[in-house]
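# Structure at a glance
Here are the chains, one letter per residue:
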Amino acid sequence: MVNKTIIVSNRLPVKIAEQDGEYVLSPSEGGLATGLGSVYKSGENIWIGWPGIDVPENRQQEVIEKLAVLNLIPVFLSSDEINLYYEGFSNEVLWPVFHYMVTYANFEQGYWDSYQSVNNKFASIVIAHLKEGDTIWVHDYQLLLLPGLIRTAQAHVTIGFFQHIPFPSFEIFRVIPWREELITGMFGADLLGFHTFDDVRHFLNASSRLLQAKVSDNMITYQDRQIVVESFPMGIDSDKFEEMVSDPTVEEHIESIRESVQDGKIILTIDRLDYSKGILQRLQAYELLLHTYPEYIGRISLYMIVVPSRDTVPQYKELRDQIDQFVGNTNANYRTLNWLPVHYFYRSFPIEFLSALYSTADVCLVTPMRDGMNLVSKEYVASRVDDTGVLILSEMAGASKELNDALVVNPNNIGEVMRAIVQAVSMPVEEQKTRMSVMRRTVKKFNIHFWVSNFMDKLAEVKKMQESLLTKHAVRVVREQIAADYAGSADRYIFLDYDGTLVGFNSNIDKASPDEELYQILENLSSDPSNRIVIVSGRRHQTLEEWFGHMKLDLIAEHGAWQKHYKEEWKSLPLLTDKWKQEVRTVLETYADRTPGSFIEDKSYSLVWHYRNVEEGLGELRANEIMNHLKNTITDKGLQMMPGSKVIEFKNIEVNKGKAAVNWLYGKNPDFIIALGDDYTDEDIFKALPPEAYTIKVGSNISAARYYLRNFMEVRDLLQMLSATTKQVH
Ligand code: GDG
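Residues numbered from 1 in each chain as written. Predicted model: local features only at pLDDT ≥ 70, side-chain atom pairs only at ≥ 80, totals over all residues. Heavy atoms only, no water.

## Brief notes about the pairing of strand β2 (residues 14-19)
- Sheet analysis places β2 next to strand β3 (residues 22-27), joined by six bridges and oriented antiparallel. Its bridge partner being in β3, A17 is matched across the sheet by V24.
- In textbook terms, the turn of a hairpin is the stretch between consecutive antiparallel strands, and for β2 and β3 this stretch comprises two residues, one of which, D20, has a positive phi near 45°. (Pairing = 2+ DSSP bridges. Helix = DSSP H or I, 4+ residues; strand = E, 2+ residues; numbered from the N terminus.)

## As for the sheet that holds strand β8 (residues 191-194)
- The nine strands are arranged β5-β4-β1-β6-β7-β8-β11-β10-β9 in an open sheet whose pairing can be described as mixed. A single partner strand is all that each edge strand has here, and the edge strands are β5 (72-74) and β9 (214-216). Sheet twist, expressed as the mean angle between neighbouring strand axes with direction ignored, is 20°.
- Summarising the sheet, β8 and strand β11 (residues 225-231) pair through four bridges and their orientation is parallel. From the neighbouring strand, F194 faces β11, where its bridge partner is S231. (Axes fitted to C-alpha atoms, helices over the stretch in contact; angles between N-to-C directions.)

## What about the domain arrangement of the protein?
- As far as domains go, the protein holds domain 1 (5-231), domain 2 (238-432), domain 3 (472-576 + 654-729) and domain 4 (581-652).
- Relative placement of domain 3 and domain 4: their C-alpha centres are 26 Å apart.
- Listed per partner, the contact involves 20 residues of domain 3 and 18 residues of domain 4.
- Both sides of the domain 3 and domain 4 interface together cover about 1700 Å² of buried area, and 52% of this is carbon and sulfur.
- Linking domain 3 to domain 4 there are zero salt bridges.
- Taken together, the residues of the side of domain 3 that touches domain 4 sort by class into seven nonpolar, seven polar and six charged. (Domains from an automatic or database assignment. Contact = heavy atoms within 4.5 Å. Buried area = accessible area lost by both parts, 1.4 Å probe. Salt bridge = Lys/Arg side-chain N within 4 Å of Asp/Glu carboxyl O. Nonpolar A, V, L, I, M, F, W, Y, C, P; charged D, E, K, R; others polar.)

## Here's the deal with the site of the ligand
- Inspection of the region around the ligand gives 21 residues, with H164, F349, D371, L375 and E379 positioned closest.
- At 3.2 Å, a side-chain N or O of K277 approaches an oxygen atom of the ligand.
- For the ligand, an oxygen atom lies 2.8 Å from a polar atom in the backbone of L375.
- For the ligand, the protein covers 82% of the area, taking 740 Å² as the surface of the free molecule.
- If you list the elements that add at least two residues to the shell around the ligand, you get β12 (265-272), α13 (351-360) and α14 (375-383).
- Here the residues of the shell around the ligand are counted per class, giving eleven nonpolar, five polar and five charged.
- Of the residues that make up the shell around the ligand, three or more belong to each of domain 1 (5-231) and domain 2 (238-432). (Near = heavy atom within 4 Å. Polar contact = N/O pair within 3.5 Å; in protein donor to acceptor, adjacent residues only side chain to side chain. Areas by Shrake-Rupley, 256 points an atom, 1.4 Å probe, with all protein chains shown as cover.)

This is how it looks when you write it as structure tokens:
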């Protein structure tokens, strides 16, 4: 069986038109279509999407058949669906909010209803074509719910998702009434890609704030699945743009454009009609230039191509009128008999004409207010085969992160944009070449093919990582391996951490005392004479005494500073000093005063700064500040600093759960050892125990432990099962 790749996007990479009663297909020239061409055109691979026109039901079969020849599968949408799901939710909610234009958003319930039902429609078509082992790559903001819907139907399928527009900061994203549903939908993917690292950060932040997903570096753990979030700056087909410049048709266009401006310099701008592109602000900067430096009148021209788009949406219509008016005024005010300041085209052109413009323009002015990436800037760079030309680029475009040899501007700063134009038109050729050659190398190397293979490789890697982690899940091995070894052994050591391992995490540390079920489990386990149960906790010895002093258990408190063998007295580690505490406490107190919700716990040989009740993000920030602040004190005084989950603990270097566990085993030769723990400090035990010991991390699969369990309930199940195992054997 051959595994295939299924690409899914709102639009299919093809244009369909009706000519003389017949549907005629022509390939689309978009960058994405080119880049993914190598994928969907080969083998069994397919691309699923809306064909772009309303096809009456009785003619859909005809379109299905025509598209099938090109490996394309249509999702037919009614004009109602297009209005509500596409024009409505996608373009009147997600587009403005994701581009920071919140006031343009229109949070209509009807839009959302349709967005959900259309995403469901896509899901059912994807699922109908899905076979085991297939890989799905979903594109863009129109289909945010799709990964989740597919995942619900097919738990193990491989899904990648790429968003072509920015992901906004959490404070912006949170305004959407359906924000949790959107994020949950995206979580269905295994790999989530964005253009820039800022988008990645924003997404991770929204995930941990809205859904309490566990985030570590760029990995999210949600409902027991790992989701990797990465930036993949999209590239273009740079060879195509480079080669096109010497195409005879393009050469002809170049000549006629040159003729029309003669010695004047051309400043080029190309955008889809959109308020995110900063078209009006750019016109203002250009007019300011003509006003401030009249010597440029007659010597520079602005070629402005605006490609019609979404002009049924009121804001777009309004923008178009404003542009018309602005251009009209500027031209009326500054034109001369044989010179026009702005050559404005509200239409699209064949790619050959764009190529001619790219290669004749002395300056390309790309100043969006927000842009996921912006491919126009890269196309301009790729077309500059002699390394001349100047790119002015908005810092709000994703491309500015890569093309930093451009003149990078803040598009809201009209004066700065104007000065950049002046600098650009007067830049010496040598400097132009230095800057352009660096950018050309970047655009050539990180081209669209690189982008596609980079994403696909990473997706495969993420899947492999998930699978290898899955095999570490202790529930899967327990029946065969752990239980059999347990049953066959006669001298067992069972090391158990307390908080997070035997009981759930409680925001009040004084709660979380043992419950009846836990006592029963420990009672059962310890009643077996072959078992030695050791509770290894960071808690105070008084607390452990109060809770477990009456049971047949060994107790290690404060990470090993206090120890008690069953039937013996508590002993503290010899030679421990706590003189350092005063100095560290004073520092911690200043942080506790500045950080509502945090508090200090004082133990015999350690101090702990807790921040589990502190506002998300602030606690982590303070923890880092504290660690920096106390770095030197720690070394001078021979202490150790242990960041755990929502805590940092300071203690004597000799105190360590791992050392304590090894001491417990000193001179013994048990035939079964198991250790369970959820915290950073438990890693010391996992590392210190002999390799044949069963080490089990609770709550996460990234650990030195051999296996993991999801939570304390699974720990209890495991312990119950083990004690039942011996009962059967005995
Ligand atoms: C979204 C994100 C992100 C333009 N006019 C004509 C024409 N074009 C082509 C250009 C370029 C493309 O359209 C525009 O791409 P952009 O990247 O600039 O912008 P969006 O359409 O808003 O795209 C954006 C992109 O997705 C990719 O992830 O970069 O941030 O908003 O390729 O050449 N093509 C033809 N005639 C025209 O008149 N043939």
